[in-house]
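Close look at the chain arrangement
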Amino acid sequence: MTFWSDYAAPAIIIALQSFLLLAILLILIAYALLADRKIWAAVQLRRGPNVVGAFGLLQSFADLAKFAFKEPVIPAGADRTVFLLAPFITTVVALSVWAVVPVAPGWVIADVNVGVLFVLAFSSLHVYGVIMGGWASNSKYPFLGALRSSAQMISYEVSIGLVVITVLLAVGSLNLSHIVWSQTTGLADMLGVPWLTILNWYWLPLFPMFVVFFISALAETNRPPFDLPEAESELVAGYMVEYSSVPYMLFMLGEYVAIATMCALTTVLFLGGWLPPLDIAPFNWIPGVIWFGLKCFLVFFMIAMVKAIVPRYRYDQLMRLGWKIFLPLSLAAVVVVAVVLKLTDWRWDGVVPV
């Protein structure tokens, strides 16, 4: 037992893996932002960003340079420490979630047995950055935006947690990798078509919960039609109204990383993670990380289309949907799933393919 082999070497490996993951994730976020703008423009029959780089591919990096060189403006009455700490916390918390997200077999920094709890815990901490930013600005508009945003995020975290419980009941594990492996068997085997693995994914037997999770993810990440914390026509951009330059960019980065996290979580919980839709050639020749990325982009495309099509909700409609519809529906689903699993004894056998 030596200090190098037991402590230093593993720490260096984890640090390098984390750096590589963050570098890839931030580049993908830059192009996700471009894709969001392009999809919205296509729906409105516009070109979208197309000047910086070929087809506008460098637009996000130009925006990064613009924010980096702008002078940050801090209100005279603001709490400077909390004001600058809020966007940093938002970004760090959003990025930390990806430490437990498996993108392929064995491709995860920390394959912990409580991965789901880790994701839910760190996702819920996102609200602290919002509250701190609104309060530290020492202005009524951002403070009202922070209160409204925190109420919205907390409300839909409840339904997201209950939806996740329905999946955990079927799996019997809190490990995100085990949730993916559990979707290798299921309805397709019962129907005698084991190669049609898309039928094994939980989107089909838990379809109502899949819909609830998707809509709740929109509200949790402040995406349209639930972008009320940033409703510029009502609250002058909400809790971020006093921010500019790099602090503002960090808030937006944290928001888009949270959106990517919800896409990944949807893929893991309901869309089979890295598993191919058909377990036959040539589908099973494609690396799992490619399937994971394609599924995440599919979910992101759905989120972007909702932004372009669905009109914004009123705040009372938003809260009514969360507390009077999604909460009872999610609670009922937990009971129904538990009863069905108890009567049929149908659940994952816990066998992880080698």
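Relevant structure appears above.
Notes on the structure in this doc start here. These figures come from a predicted structure and were not determined experimentally.

1. A few points about the packing of aromatic side chains
Under the counting rule described, the total for this entry stands at 15 aromatic pairs. On the numbers, 6.3 Å between centres and 45° between planes, the contact of Phe207 with Phe210 is tilted. With Phe207 and Phe210 both in helix H9 (residues 207-220), this residue pair falls 3 residues apart, about one helical turn. Take Phe207: its relative accessible area is 42%, and that puts it in the partly exposed class. A relative accessible area of 13% places Phe210 in the buried class. Here Tyr239 and Phe251 contribute two aromatic rings whose centre-to-centre distance is 5.4 Å and whose plane-to-plane angle is 75°, an arrangement assigned as edge-to-face. A residue pair is termed long-range when its members are at least 10 positions apart, and Tyr239 in the loop between helix H10 (232-235) and helix H11 (245-270) and Phe251 in helix H11 qualify at 12 residues. Taken as a pair, Tyr239 and Phe251 share a single burial class, namely buried. Chaining the aromatic ring pairs together yields one cluster made of Trp203, Phe207, Phe210, Phe213 and Phe270. Looking at Lys66, its charged tip hangs above the ring of Phe67, at a distance of 5.0 Å from the centre.

2. Re the pattern of salt bridges
A side chain with one charge can pair with a side chain of the opposite charge if their charged atoms come near. Tallying each qualifying case throughout the model produces 6 salt bridges. Across the pair Asp227 and Arg312 runs a salt bridge whose closest N-O atoms are separated by 2.9 Å. Of this pair, Asp227 sits in the loop between H9 and H10 while Arg312 sits in the loop between helix H12 (288-309) and helix H13 (315-344); the two residues are 85 residues apart in sequence, bridging distant segments of the chain. Of the charged contacts, one joins Asp316 and Arg320 as a salt bridge, the two residues approaching to 3.4 Å between their closest N and O atoms.

3. Some details on the environment of Asp79
As for its position among the elements, Asp79 is in the loop between helix H2 (59-69) and helix H3 (80-96). On the accessibility criterion, Asp79 (32% relative accessible area) is partly exposed. In this structure, the C-alpha to C-alpha distance between Asp79 and Met132, residues 53 residues apart in sequence, is 9.8 Å.

The rules behind each value
- Residues numbered from 1 in each chain as written.
- Predicted model: local features only at pLDDT ≥ 70, side-chain atom pairs only at ≥ 80, totals over all residues.
- Heavy atoms only, no water.
- Phe/Tyr/Trp six-rings, centres within 6.5 Å; stacked < 30°, edge-to-face > 60°.
- Helix = DSSP H or I, 4+ residues; strand = E, 2+ residues; numbered from the N terminus.
- Buried < 20%, exposed > 50% of the residue type's maximum accessible area, 1.4 Å probe, protein only.
- Lys NZ or Arg CZ within 6 Å of the ring centre and 35° of its normal.
- Salt bridge = Lys/Arg side-chain N within 4 Å of Asp/Glu carboxyl O.

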